[in-house]
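Chains, contacts and geometry: an overview
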Amino acid sequence: MLKEKKTFWINAGLILLVVLISILPLFIVKDAEFGGADGEAEVAITEINAEYEPWFEPFIEPASGEIESLLFALQAAGGAAVVAYGFGYLKGRSQKEKKVS
Amino acid sequence: MKNKVNKNLQILSVFCVMSGIATSSYGMHIMEGFLPPLWSLSWSVICIPFFIAGLLSMKKIINEDKKSKLILAMVGAFAFVLSALKVPSVTGSCSHATGVGLGAILFGPMVMAVIGAIVLLFQALLLAHGGITTLGANVFSMAIVGPIAAYGIYKLCRKLKAPQWLAVFMGAMLGDLLTYVTTSIQLSLAFPAEVGGVEASLIKFLGIFALTQLPLAISEGLLTVVVVNSLKKYSEQGLINLGRLSKEGKIC
């Protein structure tokens, strides 16, 4: 029991650390645009080779930034659902095994 | 007349890209159409043997223990979540983690070639993030180099008697970072600078991708430790069956 509590607090601390690492840049780097790193790569490519034209376009492009973020949110939510289901299942199973033994 | 309009549109779109106000925000992976055809094809061909090895490895894992299917699904889902979240970084731009280190450490690197390819295909088809023509190059960096690096570094750390959490952290973090170093190398090979060649381009792309990725790689390392901790708590037996844990409760 003690071990489980310890794991919980260690994990909580680590997650807090991740949140801090993610938020800090917003305060350290003032007046930055926080666009995608790939957008900057595009600029760099055009700087190196001004004549380069992408020779292929995405089949479907999200109609707007809002719809794009909707799709990304769905991806994250779906993934999180599977992870959470898995942990729930494993926890239930481990408790059942404890009761039996 | 129509031709002229087209031409104007073309000039306008080039201008948009050059001034960095391109409306579509692609991915942190190499963008659709941004690798010359020969490179696209080469990277795709290189990926094929890894992908096949991944399928075989996956089949073997499931055949050995049906229960590992659940953890396999969770590992894939973890990669889905992490690669959907774009996070601000110290360079003033955003990127996202890969989430492939976890699976590589638990199941070996080959499985992730398949799982990573699924994630990338999903994003390329539905989100215009990455691309079909650059899929090979992106699979190579995120689903092949990243996992192999994560697995190798994890094993090395364990051999050097590092504690398990540290080995997991180092593996996942460096796997993430090396994914984007690979992306930078791929771009600089395809776009050598006129002055300074591949090296000059490499420095430029590393400055964009690898530097941005550094804090995110640390985050990915920490999150991977969280997941491994939790898995150990609830499913020590499951991990032992995977052959990843020795009997003393340590991932070997």
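Analysis parameters
- Residues numbered from 1 in each chain as written.
- Chains lettered and ligands numbered in written order.
- Predicted model: local features only at pLDDT ≥ 70, side-chain atom pairs only at ≥ 80, totals over all residues.
- Heavy atoms only, no water.
- Axes fitted to C-alpha atoms, helices over the stretch in contact; angles between N-to-C directions.
- Helix = DSSP H or I, 4+ residues; strand = E, 2+ residues; numbered from the N terminus.
- Parallel < 35°, antiparallel > 145°, perpendicular 65-115°, else oblique.
- Contact = heavy atoms within 4.5 Å.
- Nonpolar A, V, L, I, M, F, W, Y, C, P; charged D, E, K, R; others polar.
- Core = buried A, V, L, I, M, F, W, Y, C linked by side-chain atoms within 4.5 Å.
- Buried < 20%, exposed > 50% of the residue type's maximum accessible area, 1.4 Å probe, protein only.
- Pairing = 2+ DSSP bridges.
- Expected span 1.5 Å × (residues − 1).
- Salt bridge = Lys/Arg side-chain N within 4 Å of Asp/Glu carboxyl O.
- Buried area = accessible area lost by both parts, 1.4 Å probe.

Chain B has the name Cobalamin biosynthesis protein CbiM in an unreviewed UniProt entry, where Sporanaerobium hydrogeniformans is given as its organism.

Chain A is annotated in an unreviewed UniProt entry as Energy-coupling factor ABC transporter substrate-binding protein from Sporanaerobium hydrogeniformans.

Looking now at the packing of helix H2 (residues 37–64) of chain B against helix H3 (residues 68–84) of chain B. All names here are of chain B. Relative to each other, H2 and H3 sit at 140°, their axes nearing to 8 Å. On the basis of the axis angle, H2 is oblique to H3. Facing Met58, Ile61 and Ile62 of H2, the residues of H3 in contact are Ser68, Lys69 and Leu72. Class assignment for the residues of the contact of H2 with H3 results in four nonpolar, one polar and one charged.

All right, on to the nonpolar core then. One broad trend across soluble globular proteins is that nonpolar side chains are buried collectively. Ranked by internal contacts, the top residues of the largest apolar core, which has 78 residues, are Ile45 of chain A together with Val75, Leu106, Phe107, Leu187 and Leu231 of chain B. It is helix H8 (residues 197–241) of chain B that contributes the most residues to this core, twelve residues altogether. Beyond its immediate stretch of four places on either side in the chain, Leu231 of chain B contacts Phe87 and Leu90 of chain A together with Ile71, Met74, Leu106, Glu236 and Leu239 of chain B.

On to the sheet that holds strand E1 (residues 35–36) of chain A. Ordered by their spatial adjacency, three strands build an open sheet running E1(A)-E2(B)-E1(B), and the pairing between neighbours is mixed. Lying at the two open borders of the sheet, with one neighbouring strand each, are E1 of chain A together with strand E1 (87–88) of chain B.

We now examine helix H7 (residues 164–190) of chain B. Here H7 of chain B spans 39 Å end to end across 27 residues, near enough to the 39 Å set by a 1.5 Å rise per residue. Across the 27 residues that make up H7 of chain B, a large majority, 19, are buried.

A few words on the pattern of salt bridges. Inspection of the entire model under this criterion finds one salt bridge over all chains. Linking Lys204 of chain B and Glu47 of chain A is a salt bridge whose minimum nitrogen-to-oxygen distance equals 2.6 Å. Within this pair, whereas Lys204 of chain B is found in helix H8, its partner Glu47 of chain A is found in helix H2 (residues 37–48), the two belonging to separate chains. Judged by its relative accessible area of 33%, Lys204 of chain B falls in the partly exposed class.

Our next topic: the interface of chain A and chain B. In many analyses, interface size is given as the accessible surface area lost on bringing the parts together. Taken residue by residue, the interface counts 60 residues in chain A and 74 residues in chain B. Together, the buried faces of chain A and chain B total about 5800 Å²; carbon and sulfur atoms form 72% of this surface. The three residues of chain A that bury the most area against chain B are Glu42, Ile48 and Gln75 of chain A, which together make up 12% of that side's buried surface. For the interface between chain A and chain B, the tally reads one salt bridge. Contributions of two or more residues to the side of chain A that touches chain B are made by helix H1 (2–28), E1, H2 and helix H3 (65–100) of chain A. For the side of chain A that touches chain B, a count of residues per class yields 36 nonpolar, eleven polar and 13 charged. As defined by bridge partners, E1 of chain A adjoins strand E2 (residues 93–95) of chain B across two bridges and the pair is classed as parallel. What sits directly across from Gly36 of chain A, in E2 of chain B, is Cys94 of chain B.

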